[in-house]
Amino acid sequence: MNLLKRACRHTATIAVAIIAFAAITIGMLRRAEAADYPTRPITLIVPYPAGGGNDVIARLVAAKMSSSLGQPMVIENRGGAGSTIGTRDAARSAPDGYTLLIATSSLAINPSLYPNAAYDPKKDFAPIGLIATSPNFVLVNPAVPAHSVAELIALARKDPGKLDFASTGTGTSTHLAALLFAMMADVKFTAVPYKGVAPAITDLLGGHVALMFCPMASVVGQVRGGNLRAIAVTGARRSPLFPDVPTVAEAGLPDYAAELHYGLVAPAGTPPEVIAKLNAALNNALADVDVRQRLGADGTETRPGTPEAYAADIAGEEAKWGAIIKQTGVTAQ
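Below: a short report on this structure. (Residues numbered from 1 in each chain as written. Predicted model: local features only at pLDDT ≥ 70, side-chain atom pairs only at ≥ 80, totals over all residues. Heavy atoms only, no water.)

1. So, the overall build of the protein chain
Our working rule: Secondary structure elements follow DSSP: runs of H or I of four or more residues count as helices, runs of E of two or more count as strands, with numbering from the N terminus. Whether a residue is buried, partly exposed or exposed follows from its accessible area with a 1.4 Å probe, protein chains only, as a fraction of its type maximum: under 20%, in between, or over 50%, in that order. Two residues qualify as a contact provided that any one of their heavy atoms is within 4.5 Å of a heavy atom in the partner residue. All accessible areas in this document rest on Shrake-Rupley with a 1.4 Å probe, and a residue is counted as covered only by the protein chains that are shown.
Secondary structure summary: the protein chain contains 11 helices and 10 strands in total. Taking all 333 residues of the protein chain together, 48% fall into the buried category. Counting only contacts in the protein chain whose residues sit at least 6 apart along the sequence, the fraction spanning at least 24 positions is 78%. Looking at the protein chain as shown, the accessible area adds up to about 15,400 Å², and 58% of this sits on carbon and sulfur atoms.

Below, the structure written as structure tokens:
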């Protein structure tokens, strides 16, 4: 019996040693791979259809990062379900730095909006860096008698619910920006749903809806041409493109801010050395004059920084918009 026990203990010791050796070997291999990274093309998932603002930013940044990394970055558009399909695919990918995700504010918003989002923005991803932020315009049709935030609020209070706004999708960043405005101003708007920004702008131009919270990039020409009136921007500060248009905060709703955030993430567990290389390549791309000018032409501002700063940004967005979704009871349709 003693011999049997000693044999069992000996076998167990060997098994533990084998497991430890395997773990050390795997760790060494991973560190070696991280040191050589990248050695093959990198897939960059865009969780939206081709041609949109996210896709444009992804392709512009990816081209510059490829030059720094010495490997091509291949764009894969995997749209659907409010970006959750592509985001889930990225979360479930191998954490080796060869599958990345272009994230927007939806990364932080969707788990509160979709009960079956099936990912956690903080636990399932390793932030690489914030790319850029883009504010919305608060737009009205020129026939609407409101030339400022104060006048818009007064008009809305005069006839609660009479003013309708074009919504480009339940729970989208623009929809939530309008809900936050209404909550803080203590007014009521009526949402009119549209399948995308383009048809919503068309109806705003035609006077079929009174107002819209709209990405700047989509209407720069219409605002400059006087076809639509921008009474404010939703960012934390004024846009360099329209320095005379005040922020919502300075125009009457202190602390109001609603911007679209673009960033780059990898699956959780990606080696820190790989994250550091990707962050350096991203910041190099954002420092490029051509990138800054091309993004800035549509009101988008580059935001180079650290993975830690982007992690804090994601956590802040999740807490902020999760609370708004809970208070308003809005659900994805």
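Back to the write-up after that little detour.
2. A word on the pattern of salt bridges
Stated precisely, the cut-off is as follows: What makes a salt bridge here is a side-chain nitrogen of Lys or Arg within 4 Å of a carboxyl oxygen of Asp or Glu, nothing more.
Applying the stated criterion across every chain, the model contains 10 salt bridges. Taking the shortest distance from any N to any O, the salt bridge between Arg-294 and Asp-290 comes out at 3.7 Å. Placement of the pair is Arg-294 and Asp-290 together in helix 10 (residues 289-296), with a separation of 4 residues, close to one helical turn. For Asp-290, a relative accessible area of 33% corresponds to the partly exposed category. Each member of the salt-bridge network shares a partner with another, and the members are Glu-76, Arg-78 and Asp-89.

3. So, the environment of Thr-104
For Thr-104, the position within the fold is in the loop between strand 3 (99-103) and helix 4 (106-113). For Thr-104 and Ser-173, which are 69 residues apart along the polypeptide, the C-alpha to C-alpha distance reads 9.3 Å. Non-local contacts of Thr-104, meaning those with residues more than four positions away in its chain, are made with Tyr-48, Asn-54, Leu-260, His-261 and Tyr-262.

4. Some details on the side chain of Thr-300
The topology assignment puts Thr-300 in the loop between helix 10 and strand 10 (301-302). The class of Thr-300 is buried, set by a relative accessible area of 8%. Not counting residues up to four positions away in its chain, the partners in contact with Thr-300 are Ile-57, Ala-132, Thr-133, Ser-134 and Leu-295.

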